[in-house]
Each structure stands twice: as structure tokens, then as C-alpha cells.
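Summary of structural features
Each chain, written out:
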Amino acid sequence: MKVCPYCATEALFGSIYCEQCGEALFQSSPPEIFLVIGSQTITPNPSLSILLGRDPTPVSGSQVISLENYSQEEMGVSRNHAIIFLSDSKFFIKDTSSTNGTWLNMNKIKPQEAVEIHDNDRIRLANFEILVNIRKR
Amino acid sequence: MTDPSRKDLYSILGISPTASLQEIKSAFRKALKENHPDVANGSTTRFFDIRDAYVTLSKEKTREEYDRSIHGQNDLGLIQILPTIYPEEIPFGIDRARISLHLKFTGATEKSTSSGQGIELVILIDTSTSMAGTKLDAVKSACQALRGGLHPADKLTIIGFNDFPNILFENQDPTLPGLGNKIQTVQAKGGTELSKALDMAGQRLAAHHRKDRPQYIFLFTDGKTYGDENACLQFAAQAAENIVAVHCFGIGPEWNETLLEEISGRTGGSTNFLSQKQLTAKEILRYLHSAITRKVPDLYLSLTPSPESQILSIYRLNPSPQQIPYYPKMVIGRFSGERQASILVELELNLQGNFTSKSLLTVSSWISGMPSAHTIDIPVPASSSNSEEKIPDETIRDVTQKVVLIRMQQKARKLINKGSLVEGKKLLNRVAELSRQYGHVSLAQTIVLELNELDASKHFSDEGEKKIHFGTRALLLPDEKEQKS
């Protein structure tokens, strides 16, 4: 037996959609995300929030990508600069009130506001550029 | 003496028709040793049979000739069945599961069961009082259009029916000029007695029955029949036996879609909803051409579930998507080499107690007029120590998503008609929401309009229920994806 996440009706093992409310009962695997920094590509675990910064403070349920190790251009990147997270199979970025701001494809985003990111988007944390690749599975 | 070519040479050697030359040779040597006249229990007749079988099957040319002789003119009579099942594995400890099985049928069948004999069509026109006026006029012009789509070699019978059936003309060349006027004389009066009309059509078809001439019934009706539903279903069983496909065309809001879907589903036909503006010549001819095929035989299917499994539902996806009732022997519909057929079978598997079957379901499929069936065993999904459920295959996901929407709107309409307005509307609203989410925008709009209508008047609009049902069912059509707007 499994339980529908939408209406809590019980359904037999093997049920694909809830007969009661039509909700999907299978877990689709999350899309993959790749962060291209200079000549390096990082493959974070998409199910955990990605903390970006010069030396981000670890939080449970998240992973830390410290930009200190990449280049001199992390100058201006805040300690806790931004966060990338998955919601409903889509990736979002949120500036965590950084000192010098975050840009998505040349547009500055507002602090603490989640903005969806797509394949081939360019993120800039202060002067530090990251290319995003997202692949659906 | 029996014709020696009628003996199955493959079974004489105890091999399958797909055996390799190597297998044929070793089977021959083995059979010789066991059946040599000098051996105890040996037999001279068997010995010669074995030798003859070997002589024929060991040479490519004579084997091909033999294969062709047992398959008639056609060496490609076999149907292929391609199954996709979900889930493929069931974790240990789970004793009940729902199984979705998608079956695709392909095959090359150039051989036709009909020749230049044409087809025979009986049109049943509901002439009850409610048909009077524009509806009957529209059906009359539909009949004229159908005549235009038929050939001189075809035979046409038209029966009007209300409380009793009345033959307008019978077994005529549809292109005869006088028939048009006869159709125009039809008048509406009385009730709707469907089973009497179907029985009459069945009798007339049986009287004209000629082997190699496919028979069809087209039924146009706008009303419910009362009290004779079982008689109608009995007729359908007989029609399925006699290979008469019943195609139903419902007009307006009143007719019984459940009954007509069962009758048509039983006989390899289809049920279609025609709003009055769809009763155009062009639209009717489209239905005629998709329903009637002159060169194409029927595809049959038999499903035998194991004692542990129970069939919950069967949806025919192609041709003419609709739910079809389960019977041990089913007609899927007309089937040609290029066309494919597919169905979705939903089962419940009960593994409580000590179950013995390795097989979930035996699927057997054949074409009328062909000597052999293709049979496959669908095994019970393997037990697995991995408790995670995998993601279903895209085809199964897509089809079940739509089938669940069909069932949800059926349930919602039932609730509303029973007076549970709030509950029914909530469910229907959810169907609209999901339809929009899946990109079926015009269906979502149709449902929202009906929800507004329900708010205002507590009733569906005139053809609202039919629009919702057939709009949802149409999602199963293969190539008619709605445009996202």
C-alpha cells in the first residue's frame, strides 16, 4: 500500500496515478545539474540545496560549494552568497543577502527572491561567473 | 487417404516452425532412432512420415513452399504481441499489487478475408418522437452521405425504429438512385426500443450472410432504451460471434453511453458522440472510412488471467479508443498490416497465501482467416529486495494518466447526477485542473464552462456530460494532440 501525497487515499502497490484525485504516485527522478566554473565542472547532488559562497556555513540537508578554491575572482563573493535548490523538478536560485549582489543572465536578482534557472543560464556572484547546465532525466 | 501436405511436418519431428537446419537434422536423427521399424515399438508408417518430413524441411526451397502452403497465400500471417508491464518487480512482503499492461499488436497481413464482394451495412435510424426535426434531418443527410461513400458492390439496408423496427429497404446496391427518396420518407413517432431493432438488423444480416463479405451495423440514436438493456447485450454477444461490428453514433444528451460502449466494445465497433454540427457529410464519411475496411480481417484477442490475477479494466487505444468489456474471446477490431493495434489492461494481483502461478496472464491473438494464433505468457513480476518503485515507462504513464482522468470524470458526473453536487463539482474541478496541467486546454475549458453551468442551474448544459466524457476519451487518440495555447 502507498498513500497519495495529495489526498491521502491509500493505493495498491503498482498504482501509477491516484484513482481518487489523479495525482502521480511515482517519484520522478530529479533533473541533473552541472555547474561550470572556469575549466571545471561540478556535479552536485540535485536533491540537496547547493550553498554558494566564499566559505558557506554548512546547514543540514544542504551541500557546500566553496568558491575559495577556484580562482582569485572570488573577490567580492560573500561568505554566504546564494543558494540553488530544487523545487517541483525545477531549479531556483536565491541571493542570500550578499554584499555585492547576484546576476542571472546579466539581470540583477533581488535578494531573498527565488528565481528559476534553466539550462545554459549564466549566474554571476559579484564578479564570479558560473555556467549552469541542467539535464532532465 | 488424407492429403499428406495437411500433416504438420514440424510436429512429426517434434520441433517448432522456427527451428534451424541444425535442429531439424538432429531431431530427424533422434526420431529415426526411436521409430525405426527394426526397433521395438517402431512403426513403418511413422518411419516414412519422419523421412518425408525431413526431406521437405531440410531443403530451403521445399521448406518455404511447405510453410506457404500451411499459411495459405500468405507467409506472414502471424501477429506479434509486444507487452510493456508496470511494475516489473514487486518487493518481498507485498502481497497485493496493481499491474498495468500495455499490449501492442503488429503484423503483416496482406491476405484479405474479403475479395471483390463488397461489404454489407445496416443503418439503424432511431425514429422516436424526440428525433423529430433537425436531428432526424441531420441523420437523413448523414445516410445520403454514407451512400456516397459506398460502392455498387456493397449492400445497404436501412431500418427505422421506434417502438418497432421498420425496414425501409433491404440489401440494395447503395448507389441506386431511388434510395434517396425512400430515406426522405422517414418520420419520427413513438419510443425507442433498441433491442428489437438490433435483433431485426441481426436477422437480416444473417439472412444475407456471405462468407468473405464483412458486415456492419451503424446505429444512430438520441434516446435511452428502457428495460431491454440485457437483450441488447445478448445481441452484442451474438454479433461478436457472427463477426458483425456495431458502430454507434449518439446524438444529443440523452442516450446511454455506457450501454452503447459495451455493445460496440463487444463487437469490435466504436461509440461516437455527434453534436448536431458534427453530423456533416464530411464527418460521417470520416467515420465510415475509419470503421469500414474492405480488405482487412478482424483482430481477435483472448486474455486468460491466472487464478491470482483479476482483470480490472481493458481500454482499447487503437483503433477507436474506448473501454471494452472483458470476455474470454474479444474482437479488437479491423486490423491491417500497416495499422497497429494496442490496448491497456489493468489487473490486480493477489499474492496472499501460497500462490503457484508463474504466469500473470496468457495473451493470445489471431486474425480471422489465419491458421495460427500468437500466444505469449506474461510472467508475474519478479520478487525483489529493492523496495523502491521504479518510474513507469512513458507509454504506460501517459495512457494511465488519461484513463484515470476518464474514470474521474465518470465518477464526478455520477455523483452530481445522484445529487452530491459539492463532492462531484470538487472532483470535476480537479479533472479540469489536471487537464490544464497536462496541456489539454480545450478540455479544461469545456469542463470549466460546465462547472459554471452547474453553479448557475445545478444541472449540466444540454450536451455537457457527453462533451466531457467524449472530450476526455479523445485524449487517448494517438495523433490528435491538442495544441497548447
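Residues numbered from 1 in each chain as written. Chains lettered and ligands numbered in written order. Predicted model: local features only at pLDDT ≥ 70, side-chain atom pairs only at ≥ 80, totals over all residues. Heavy atoms only, no water.

1. Details of the overall build of chain B
Of the regular secondary structure elements, chain B holds 14 helices and 17 strands. Buried residues in chain B amount to 51% of all 485 residues. Within chain B, residue pairs in contact and separated by at least 24 positions form 74% of the contacts whose partners lie at least 6 positions apart. Put simply, chain B shows about 23000 Å² of open surface, and 50% of that area lies on carbon and sulfur atoms. (Helix = DSSP H or I, 4+ residues; strand = E, 2+ residues; numbered from the N terminus. Buried < 20%, exposed > 50% of the residue type's maximum accessible area, 1.4 Å probe, protein only. Contact = heavy atoms within 4.5 Å. Areas by Shrake-Rupley, 256 points an atom, 1.4 Å probe, with all protein chains shown as cover.)

2. Some thoughts on the confidence of the model for chain A
Averaged over all residues, the pLDDT of chain A equals 88, while 95% of them reach at least 70. Mean pLDDT per element in chain A: strand β1 (residues 2-3) of chain A is the minimum at 84, and strand β9 (residues 102-104) of chain A is the maximum at 96. (pLDDT = per-residue confidence, 0-100.)

3. What to know about the interface of chain A and chain B
Listed as interface residues are 19 residues of chain A and, on the opposing side, 27 residues of chain B. The contact between chain A and chain B buries some 1900 Å² in all, and 59% of this surface belongs to carbon and sulfur atoms. Considering only the side of chain A, the residues that lose the most area to chain B are A:Phe13, A:Tyr17 and A:Glu19, jointly responsible for 39% of the buried surface there. If you look at where chain A meets chain B, you find 3 salt bridges. Note that B:Arg430 and A:Glu23 form a salt bridge whose closest N and O atoms lie 2.7 Å from each other. At the junction of chain A with chain B, the criterion picks out 8 residue pairs in polar contact (both at pLDDT 80 or more). Residue composition of the side of chain A that touches chain B, by class: 9 nonpolar, 7 polar and 3 charged. (Buried area = accessible area lost by both parts, 1.4 Å probe. Salt bridge = Lys/Arg side-chain N within 4 Å of Asp/Glu carboxyl O. Polar contact = N/O pair within 3.5 Å; in protein donor to acceptor, adjacent residues only side chain to side chain. Nonpolar A, V, L, I, M, F, W, Y, C, P; charged D, E, K, R; others polar.)

4. Thoughts on the nonpolar core
Residue and element names in this part refer to chain B. Among the nonpolar cores identified, the biggest contains 33 residues, and Ile-123, Ile-158, Phe-218, Phe-220 and Leu-279 are the most heavily contacted of them. For this core, the secondary structure elements donating two or more residues are β4 (120-126), α5 (134-149), β5 (155-161), β6 (165-172), α6 (179-184), β7 (215-221), β8 (244-251) and α10 (281-291). When neighbours within four sequence positions are excluded, Leu-279 is seen to be in contact with Ala-138, Val-139, Ala-142, Phe-220, Ile-251, Leu-274 and Ile-284. Core analysis: the second largest hydrophobic core is formed by 32 residues, Ile-90, Leu-103, Ala-341 and Ile-367 among them. (Core = buried A, V, L, I, M, F, W, Y, C linked by side-chain atoms within 4.5 Å.)

5. Considering the confidence of the model for chain B
Residues and elements named next belong to chain B. Of all residues in chain B, 89% have pLDDT values of 70 or greater, and the mean over the chain is 85. A low-confidence stretch, residues 72-76 stays under pLDDT 50, and its non-local contacts, those more than four residues away or across chains, total 9 contacts. The low-confidence segment residues 111-115 (pLDDT under 50) makes 16 contacts with residues lying over four places distant or belonging to another chain.

6. Some points on the packing of α5(B) against α10(B)
Residue and element names in this part refer to chain B. Relative orientation of the contacting elements α5 and α10 amounts to 50°, with a least axis distance of 9 Å. Here α5 lies oblique to α10, going by the angle between them. Where α5 crosses over α10, the two elements pack in a sense that is right-handed. On the side of α5, the interface is formed by Ala-142, Ala-145, Leu-146 and Gly-149, while α10 contributes Ala-281, Ile-284, Leu-285, Leu-288 and His-289. Each residue belonging to the contact of α5 with α10 can be placed in one class, and the counts come to 7 nonpolar, 2 polar and no charged. (Axes fitted to C-alpha atoms, helices over the stretch in contact; angles between N-to-C directions. Parallel < 35°, antiparallel > 145°, perpendicular 65-115°, else oblique. Left-handed = near helix turned anticlockwise from the far one by under 90°.)

7. Topic: the pattern of salt bridges
All names here are of chain B. For the coordinates displayed, the defined rule picks out 23 salt bridges over all chains. Here Lys-390 and Glu-89 are joined by a salt bridge, their closest N and O atoms 3.5 Å apart. Note that Lys-390 is positioned in the loop between β17 (382-384) and α11 (394-418) and Glu-89 in strand β2 (residues 89-91), a separation of 301 residues in sequence. Since its relative accessible area comes to 34%, Glu-89 is described here as partly exposed. Residue Lys-466 pairs with Glu-257 through a salt bridge whose shortest N-O separation is 3.2 Å. Of the two residues, Lys-466 sits in helix α14 (residues 464-473) while Glu-257 sits in helix α9 (residues 257-267), which places them 209 residues apart along the sequence. Across the pair, exposure class does not vary: Lys-466 and Glu-257 are buried alike.

8. Considerations on the sheet that holds strand β11 (residues 115-117) of chain A
All names here are of chain A. The mixed open sheet is built from 5 strands, whose spatial order is β6-β5-β7-β8-β11. Strands at the two margins of the open sheet, each flanked by one partner only, are β6 (62-66) and β11. For this sheet, the mean angle separating the axes of adjacent strands, direction not counted, is 30°. Strand direction decides the pairing type here: strand β5 (residues 49-53) and β6, joined by 5 bridges, are parallel. Note that in β6 the partner of Ile-50 across the bridge is Gln-63. (Pairing = 2+ DSSP bridges.)

9. Topic: the environment of B:Ser365
All names here are of chain B. One can find Ser-365 in strand β15 (residues 359-367). For Ser-365, a relative accessible area of 0% gives the class buried. In this structure, the C-alpha to C-alpha distance between Ser-365 and Ile-79, residues 286 residues apart in sequence, is 6.9 Å. Ignoring anything within four residues of it in the chain, the contact list for Ser-365 reads Ile-79, Ile-81, Phe-105, Leu-299, Tyr-300, Leu-301, Ala-373 and His-374. In terms of polar contacts, Ser-365 uses its side chain to reach the backbone carbonyl oxygen of Tyr-300, at 3.0 Å.

10. Overview of the layout of surface pockets
All names here are of chain B. Counted as a void, the second largest pocket has a volume near 850 Å³. Lining the second largest pocket are 32 residues; nearest its centre among them are Asn-256, Glu-257, Thr-258, Gln-410 and Arg-413. When contributions to the lining of the second largest pocket are tallied by element, the ones reaching two or more residues are α9, β11 (309-318), α11 and α14. (1 Å grid on protein atoms, 1.4 Å probe; cavity = no way out; pocket = protein on both sides within 12 Å on 5 of 7 lines; lining within 4 Å. Points joined across faces, edges and corners; volume = space filled by probe spheres on them.)

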